Amino acid sequence: MAVRIAGAAGQGVQTLGEILARALFRSGLYLHGEFSYHSRIRGGENAFTLRVGEAPVFTTTNDVDLLLALNEEMLDLYRPWVREGGVVVTDEAVGDPADREVRVPAVRLAREELKLPIAAGVILLGTAARLLGLDRERVTDAIREVFGDKAEPNLRALDLGYDHVPNGRWQLPSPQFKHGEAMLLTGGQAVGAGAIAAGCRFLSSYPMTPGTAVLEFLAMHAAKHGIVVEQAEDEIAAINMALGASYAGARSLVTTSGGGFALMVEGLSLAGMIETPVVIHLGQRPGPATGLPTRTGQENLLFALHAGHGEFPRYIVAPSDAADAFYLTMKAFEVAETYQVPAIILTDQFLVDSYVVVPALDPARVPVHDHHLPVEDLARMETYNRFALAPSGISPRTLPGVSEKLVLVDSDEHDAYGRITEDLEIRVAMVDKRLRKGDGLRAEVAPPEIYPTGSLRGKRILLGWGSTYGAIREAVERLGAGYAHVHLRELWPLRTEELRHVWSEAEEVVLVEETATGQMGRLIAGETGRQPHRFVPRYDGRPFTAADILEAVR
Amino acid sequence: MAEMSAEKYLADVELAWCPGCGNFAIRTSLAAALAQLGLPPHKVVLVTGIGQAAKIAHYVNLNGFNGLHGRTVAAAAGIKLARPDLTVIAESGDGDLYGEGGNHLLHNIRRNVDLTVIAHDNRVYGLTKGQASPTAPRGYRTRAQPAGSPSAALNPLALAVALDAPFVAQTFSGEPDRTANLISQAIQHRGFSLVNVLHPCPSWNRVQTFAWYKERLVHLDETGHDPGDQGQAFAVATRSGEQIPVGILYTTDRPTFADGHPVLSGDPVGLRPLPSSDVVRSLLATFS
Ligand SMILES: Cc1ncc(C[n+]2csc(CCOP(=O)(O)OP(=O)(O)O)c2C)c(N)n1
Ligand code: SF4
Ligand SMILES: [Mg+2]
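### Describing the pattern of salt bridges
With the rule as written, the count across this model stands at 48 salt bridges over all chains. In this structure, Arg 79 of chain A and Glu 101 of chain A form a salt bridge, with 2.2 Å as the shortest nitrogen-oxygen distance. Placement of Arg 79 of chain A in the loop between α2 (72–78) and β5 (82–91) and of Glu 101 of chain A in the loop between β5 and β6 (102–104) is noted, with a sequence separation of 22 residues between them. Its relative accessible area of 11% is what places Glu 101 of chain A among the buried residues. Salt bridges sharing common partners tie together Glu 175, Arg 178, Lys 214, Asp 221 and Glu 222 of chain B.

Following this line, the structure appears as structure tokens:
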């Protein structure tokens, strides 16, 4: 079952989408809600595409069963995507009365009955809810949650719409989970919640879609959870402030998109040199330059990996869905802290903005620890060397001002104490020390997920990473025997051994990636010498659906 | 606070500055200021960027964050916001603070983070062999500006006064006691403080020499200047002619970034423990 709400920016598509998502969630159903929008505040095209399921849904769809079109333009644009037997709900003034839409006098009722023209959307939503077979109470709850003390006129709007049709057309599945067993959230909220759960205490960022969602989430929770959140003057400031805060003991996060990350590159290299943890949330959108600000893509893989002059270890994750975004964000903080390296969370607009219902998140799945040297140990040391040449490459770390030991870090090459040096033997020892951390990091990375489990011999593999997970999985399920899905969610260090194995077993490897050039293919080729046999690209700024992949693969 | 010996702040390392450079005296003045205030070295973080001046982080016994060229004030702000319990001093060259890092200076004055910024103003890029810095006068010739710098000099004092920086002072490295005094007042002043330290660079700047400065200094504390008057301060900062004002130009008391901040009023976030599982579960409950 799938529903699309489409309208101009300013017509409340996002609010209506959120109400519908909450009502379905309150009905015990899994769902995925994709928000797709033009980069403007008024006008343009806004669409919320919602899929309902009896199990977690991680991908969007092109076709829908019910279209709620808030204006003429959206009706024309999206009517072709309504399935056989589907329904279109519009205002009575929209479209041609001869067509078999469900036409509701929503604008008139909102004006005359409610004296609140904006409520027309909720009236239409009420009609759609009835048709979908939603309980009125569940929608009422959702409206209360979304509107708070402004709920009253919208509840009346709901009734006007709900009662406009005599009965439902569909029957929803029975509830799949009880209250507390599942959660409804966006990928952006999941990154923010993961950061808080991992002990993030500092965020400095400059707004840039889709990174901003995380900035706003943390800003909202900052006072309650004891986090300093500051809008920096630019992204260069953002990362340097974050590094300062991290040096001083605060687990720190910056959030941005490709353009902002480009400005952070020198700071990323500084993090590598001064071995100071920092987590970077890089919400991808299509480039180059400003690109398509509100669209999705995976073009920053090689950029994230290669950004920063000089050679230093880093950790890169690419969550596959919102639950994964929560856990991998926690892990990114923990790995950054353990290895004293920068960690990058590579998401995209599709993941950040999509609503999804996931099994209840359990923070205990990613244990977090304090990695600082105990003050008692410091007291026993004659001098404290911030960059002591440890066998693991991880020099015991302490903070300034917690004992009499001084802490010096330097962006120049430095000795064990942290003092600038041009002694080339020390230089070599320091490079080796920093790179040794890569061995430990490699062991942290989980192997790629393989579906279905079992032998890959003779199979065609669809290979993907990050937020294309749901679309590829669904495609593989529909393709059936002879196909398998290999998915990477921790990208660097790369698990080359398992990838070599995939190539040696499989009949064919098809890379599915939202780029024009197949970056993961180049990365794997560089690391293993194995190339994907085929590549299914997408770079129009829209997320893959299973149908797109099936069409390309078959 | 008990006064300490200035010696203990000075690291016993080789100093890579040229003979006759003003940086030596600034280092001594900084140590004297810290001694005057009796600040324990481990409670001070000296944040520097890159340049000759910025090397000072390695020549003192303090906590140090020697970051990137131009990003000194940004890193310092991050440290101070995470650890209001520490004294944070940002010290670097004029190129670093006024050129590459101008934006951070501007916005941290606006934020009014409680930092002390000490600018080593030699009007050149010393480390990169003498190009014009933002404070070099128009027409100043270097190998990179052979026809003379075509741009007007930046006036950091006027800029800071215009932005209502709570403490704005200028001093000359050749007057180490006055310099030490000003630095210690700047550290004590609540909010953002800027101390612009003019200093000769005998290797590259053959125009603004020690003697050149000496002839032009006017001590504001001897002229009846009122640092509480922003108009007067601006007039002094922008006065043209041969006189160079030294001393406190401007002081004011306005709300700092931390005043009334919901988080900064509590324990330093850099020292807070990891969140309890109850707190995390209550956050996650909002999604269910
Ligand atoms: C991003 C970046 N650009 C350029 C440089 C090269 N660089 C190092 S120091 C410096 C200028 C130093 O001038 P100033 O800050 O006035 O310090 P001084 O050496 O005069 O004390 C430059 C351009 C650098 N290190 N980093
Ligand atoms: S180059 Fe100039 S400023 Fe730098 S140490 Fe030498 S004399 Fe001093
Ligand atoms: Mg200089």
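### Structural notes on the confidence of the model for chain B
Taken over all residues, the pLDDT of chain B has a mean of 97, while the share at 70 or more is 99%. Across the whole predicted complex the pTM is 0.97, and at the interface the ipTM reaches 0.98.

### Describing the site of ligand 1
Residues in contact with ligand 1 amount to 17 residues; listed here are only the nearest, Gln 52, Asp 94, Gly 95, Asp 96 and Gly 126 of chain B. More than one chain reaches ligand 1: its neighbouring residues belong to chains A and B. One nitrogen or oxygen atom from the main chain of Gln 52 of chain B is found 2.8 Å from an oxygen atom belonging to ligand 1. Contact distances for ligand 1 include 2.8 Å between an oxygen atom and a backbone N or O atom of Asp 96 of chain B. Bound to the protein, ligand 1 loses 79% of the 590 Å² it would expose on its own.

### With respect to the coordination of the magnesium ion (ligand 3)
Residue and element names in this part refer to chain B. In the first shell of the magnesium ion (ligand 3), the protein supplies Asp 94 (OD), Asn 122 (OD1) and Val 124 (O), at 2.1 to 2.2 Å from the metal. Between consecutive donor residues of the magnesium ion (ligand 3), the sequence gaps follow D-x27-N-x1-V. Of this pair, Asp 94 sits in helix α3 (residues 94–100) while Asn 122 sits in the loop between β4 (116–121) and β5 (124–125), and the two are 28 residues apart along the sequence. Taking relative accessible area as the criterion, Asp 94 reaches 1% and is therefore assigned buried.

### Concerning the pairing of strand β13 (residues 342–348) of chain A
Residue and element names in this part refer to chain A. Counting buried residues along β13, 7 of its 7 residues qualify, which places the element largely inside the surrounding structure. Of the two faces of β13, both are covered, the one formed by Pro 342, Ile 344, Leu 346 and Asp 348 as well as the one formed by Ala 343, Ile 345 and Thr 347. As judged from the 3 bridges shared by strand β12 (residues 315–317) and β13, these two strands associate in the parallel manner. The residue of β13 that forms the bridge with Val 317 is Ile 345. Between β12 and its parallel partner β13, the chain crosses via helix α12 (residues 322–339), and the hand of that crossover is right-handed.

### Details of the sheet that holds strand β20 (residues 508–513) of chain A
Residue and element names in this part refer to chain A. Read from one edge of the open sheet, 5 strands run β16-β18-β17-β20-β21, paired in mixed fashion. Among the strands making up the open sheet, the edge pair consists of β16 (449–451) and β21 (534–537). Mean inter-strand twist for the sheet, computed between neighbouring axes without regard to direction, equals 20°. Helix α16 (residues 469–479) contacts β16, β17 (460–465), β18 (483–488) and β20 of the sheet and is inclined by roughly 165° relative to β18. Contacts from helix α19 (residues 546–553) reach β17, β18, β20 and β21, with the element oriented near 145° to β21.

### Concerning the packing of helix α17 (residues 496–505) of chain A against helix α18 (residues 519–528) of chain A
Residue and element names in this part refer to chain A. Viewed as axis vectors pointing N to C, α17 and α18 meet at an angle of 100°, and their least axial separation amounts to 10 Å. Classed by the angle they form, the pair α17 and α18 counts as roughly perpendicular. On α18, the residues that touch Thr 496, Leu 499, Arg 500 and Trp 503 of α17 are Ile 524, Glu 527 and Thr 528. A class-by-class count of the residues in the contact of α17 with α18 yields 3 nonpolar, 2 polar and 2 charged.

### Some words on the side chain of Arg 83 of chain B
Mapped onto the secondary structure, Arg 83 of chain B falls in the loop between α2 (72–82) and β3 (87–93). A distance of 2.9 Å separates a polar atom in the side chain of Arg 83 of chain B from the backbone oxygen of Pro 400 of chain A. Sequence-distant contacts of Arg 83 of chain B, defined by excluding residues within four places in its chain, comprise Ala 248, Leu 399, Pro 400, Gly 401 and Val 402 of chain A together with Pro 268, Gly 270 and Leu 271 of chain B.

### Quick notes on the domain arrangement of chain A
Size of an interface: often given as the accessible area lost when the parts come together. Residues and elements named next belong to chain A. Segmenting chain A into domains produces domain 1 (2–162), domain 2 (183–365), domain 3 (375–444) and domain 4 (449–553). Look at where the C-alpha atoms of domain 2 and domain 4 centre, and you get two points 25 Å apart. Every contact between the two is made by 26 residues of domain 2 and, on the other side, 23 residues of domain 4. Both faces combined, the contact of domain 2 with domain 4 buries some 2,100 Å², and carbon together with sulfur accounts for 59% of it.

### Concerning the packing of aromatic side chains
Overall, the coordinates contain 15 aromatic pairs over all chains when judged by the stated rule. Here the aromatic rings of Trp 17 of chain B and Tyr 59 of chain B are separated by 4.9 Å at their centres, their planes lie at 85°, and the arrangement is edge-to-face. Of this pair, Trp 17 of chain B sits in the segment before α1 (23–37) while Tyr 59 of chain B is found in the loop between β1 (44–48) and β2 (63–66), placing the two residues 42 residues apart along the sequence. Pairwise contacts between aromatic rings join Phe 35, Tyr 37, Phe 48 and Tyr 355 of chain A into one cluster. Arg 169 of chain A extends its terminal NZ or CZ atom over the ring of Trp 170 of chain A, reaching a point 5.9 Å from the ring centre.

### Describing the interface of chain A and chain B
Contacts between chain A and chain B engage 71 residues on the former and 51 residues on the latter. Taken together, chain A and chain B are joined by 3 salt bridges. Salt-bridge contacts for Arg 281 of chain B lead to Asp 362 of chain A; the nearest nitrogen and oxygen are separated by 3.8 Å. Where chain A touches chain B, the interface holds 22 residue pairs in polar contact (both at pLDDT 80 or more). Here the side of chain A that touches chain B gets 8 residues from one element, more than from any other, and that element is helix α9 (residues 235–247) of chain A. The residue makeup of the side of chain A that touches chain B, split by class, is 39 nonpolar, 17 polar and 15 charged. Relative to β2 of chain B, strand β15 (residues 408–410) of chain A runs parallel, the two being bridged by 3 bridges. Its bridge partner lying in β2 of chain B, Asp 410 of chain A is registered against Asn 66 of chain B.

Each value, and the rule that gives it
Residues numbered from 1 in each chain as written. Chains lettered and ligands numbered in written order. Predicted model: local features only at pLDDT ≥ 70, side-chain atom pairs only at ≥ 80, totals over all residues. Heavy atoms only, no water. Salt bridge = Lys/Arg side-chain N within 4 Å of Asp/Glu carboxyl O. Helix = DSSP H or I, 4+ residues; strand = E, 2+ residues; numbered from the N terminus. Buried < 20%, exposed > 50% of the residue type's maximum accessible area, 1.4 Å probe, protein only. pLDDT = per-residue confidence, 0-100. Near = heavy atom within 4 Å. Polar contact = N/O pair within 3.5 Å; in protein donor to acceptor, adjacent residues only side chain to side chain. Areas by Shrake-Rupley, 256 points an atom, 1.4 Å probe, with all protein chains shown as cover. Donors = N, O, S within 2.8 Å, 3.2 Å for Na, K, Ca; no water. Pairing = 2+ DSSP bridges. Right-handed = clockwise from strand over helix to strand, strands pointing away. Axes fitted to C-alpha atoms, helices over the stretch in contact; angles between N-to-C directions. Contact = heavy atoms within 4.5 Å. Parallel < 35°, antiparallel > 145°, perpendicular 65-115°, else oblique. Nonpolar A, V, L, I, M, F, W, Y, C, P; charged D, E, K, R; others polar. Domains from an automatic or database assignment. Buried area = accessible area lost by both parts, 1.4 Å probe. Phe/Tyr/Trp six-rings, centres within 6.5 Å; stacked < 30°, edge-to-face > 60°. Lys NZ or Arg CZ within 6 Å of the ring centre and 35° of its normal.

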